[in-house]
Amino acid sequence: MKRAATVACLFALAACGDNADGDGAVTGVPLRPATLSLTEGSSQLLSASVLPESAKNKKVTWDSSNPAVVSVEADGLECTITAVSPGQATVVVVTDEGKFRASYNFSVTNVAISLDKPALILPEGTTETLVAIVDSSVDRVVTWVTNDHNIATVDENGTVTAVSKGSAEIMAITDGGNTAVCEVTVTRSVAGVSLETPTLRLMVTNTFPLKALIVPFDANNHNVSWSSATPSVATIDDNGVVTALALGETVITATTEDGNLEAECVVTVREPNEFLGTVSFRSNKQWVVGNQTWSDVVMSSGCKKDEFNSETYSKPECRQSVGYGDLYSWRAVNQYKADLCPNGWRVPTSAEFVALHMALGGNGQPGTSAALVEKFVSEWGMEYGGSASHVNTIVNVGTMGRYWSGDDTDAIFSPGIELSNKGYINPIAGLQKAHGQSLRCVK
């Protein structure tokens, strides 16, 4: 936007001319008014008087030193001047008789234009009208344009329509070429929300992170607030982490900041193994390794159908690796840890796997010896339960075993440990969550 200024017009009267003494002779040509103010595009009427009033020859000539800046349209002793464009120009009136002169020096400046809103934030599909404010003494023609029709459009009245997510510039341009700009940001609103885990079963003191899934995924605002219908049973913090406090049931609700849309998770807090039945060890033997106490068996819940819903890698919801316990997806292990490990036992962390590895003679890194593998098999009782892909195929039974940790690395992978009869046992960071692996509990 360009700053408005006025045009200072300074009057100058030349009193000299050819000698014209005598009755009816011209003696001068004053201009009225003596000062004028103009902006680009405005006009003003100048008037000259030939002195004396009794002068017989009242013819005058009007001229502009720069018609591109100030134009003149003469009509006898009157002249309409128009400020055409910014710059300097002198308007002169000269008498026919005696060549007496009078002049104004003009300085013409731009017309200032601004918008009532220098910036707009509009959701897709909404409209808002801009108002152009033109600092001018005359009506000006304003043209509206956009630099990106795919983001935002504007009509001849300044009404902006948000078309698609992104940024665009809306410009108001005067007929003199002056421009004012509005920065328009078009946002994409939230259309829906769901929870990655719609049902959850926990034991008292267990925690679980819930994740809200916003639709569409590229909506601008992914913020949600969390609440628990019965905080005495389970609470939830601002990050979506549920903490089980007492036996019972509650509903956790996620509410979007954009649109106040809601999604729910039903949380049941209960005693371990209440629904799946007894999960017991095959013997009373326990392995104490360093300061850890591990179970001596690979867990097997019986793969009860519908207990894990769609949270595991296939249907039926876990697969029996005959003779080696059951295979579970990471989601089943993490969500139903209260059921899969007996009371007082839990799913190990990846750090505990590394500690186990080191306690049995390893260094916590890949590339260990066959002798260490033999310790895991004979002394710790680890088994080659194989692995299951997301297409429901069990492979490597009797030659390899992979065991889950309860750590949540990212959306696709979780750490664990891998045993092979080829002579290695490695803590690994990238077991695919959708695949089925074995489970060994610790306390």
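Note that the structure is predicted; figures quoted are calculated from it, not measured.

### Some remarks on the confidence of the model for the chain
- Across the chain, pLDDT averages 76, with 68% of residues at or above 70.
- Long-range and interchain partners of residues 1-22, a stretch whose pLDDT sits below 50, account for 65 contacts in this model, where long-range means more than four residues apart.

### Brief notes about the environment of aspartate 148
- Tracing the chain through its elements places aspartate 148 in the loop between β13 (142-146) and β14 (152-154).
- By relative accessible area, which is 25% here, aspartate 148 ends up partly exposed.
- Taking the C-alpha atoms as reference points, aspartate 148 and glutamate 169, separated by 21 residues in sequence, lie 7.4 Å from one another.
- Among the polar contacts listed, one links the side chain of aspartate 148 to the backbone nitrogen of asparagine 150, at a separation of 3.0 Å.

### Here we look at the side chain of serine 405
- By the element assignment, serine 405 lies in the loop between β33 (400-404) and β34 (413-420).
- A distance of 3.2 Å separates a polar atom in the side chain of serine 405 from the backbone nitrogen of aspartate 407.
- Here proline 415 takes part through its backbone oxygen, which lies 2.6 Å from a polar atom of the side chain of serine 405.
- Not counting residues within four places of it along the chain, the set of residues in contact with serine 405 comprises Trp330, Val347, Pro348, Thr349, Ser350, Phe353, Ser414, Pro415 and Gly416.

### Description of the side chain of threonine 256
- Here threonine 256 lies in strand β25 (residues 248-256).
- By relative accessible area, threonine 256 is classed as buried at 1%.
- Here the side chain of threonine 256 touches leucine 261 through a polar contact of 2.8 Å, landing on its backbone nitrogen.
- Each residue touching threonine 256, except ones within four places of it in the same chain, is listed here: Val190, Val193, Ile214, Asn223, Val224 and Leu261.

The rules behind these values
Residues numbered from 1 in each chain as written. Predicted model: local features only at pLDDT ≥ 70, side-chain atom pairs only at ≥ 80, totals over all residues. Heavy atoms only, no water. pLDDT = per-residue confidence, 0-100. Contact = heavy atoms within 4.5 Å. Helix = DSSP H or I, 4+ residues; strand = E, 2+ residues; numbered from the N terminus. Buried < 20%, exposed > 50% of the residue type's maximum accessible area, 1.4 Å probe, protein only. Polar contact = N/O pair within 3.5 Å; in protein donor to acceptor, adjacent residues only side chain to side chain.

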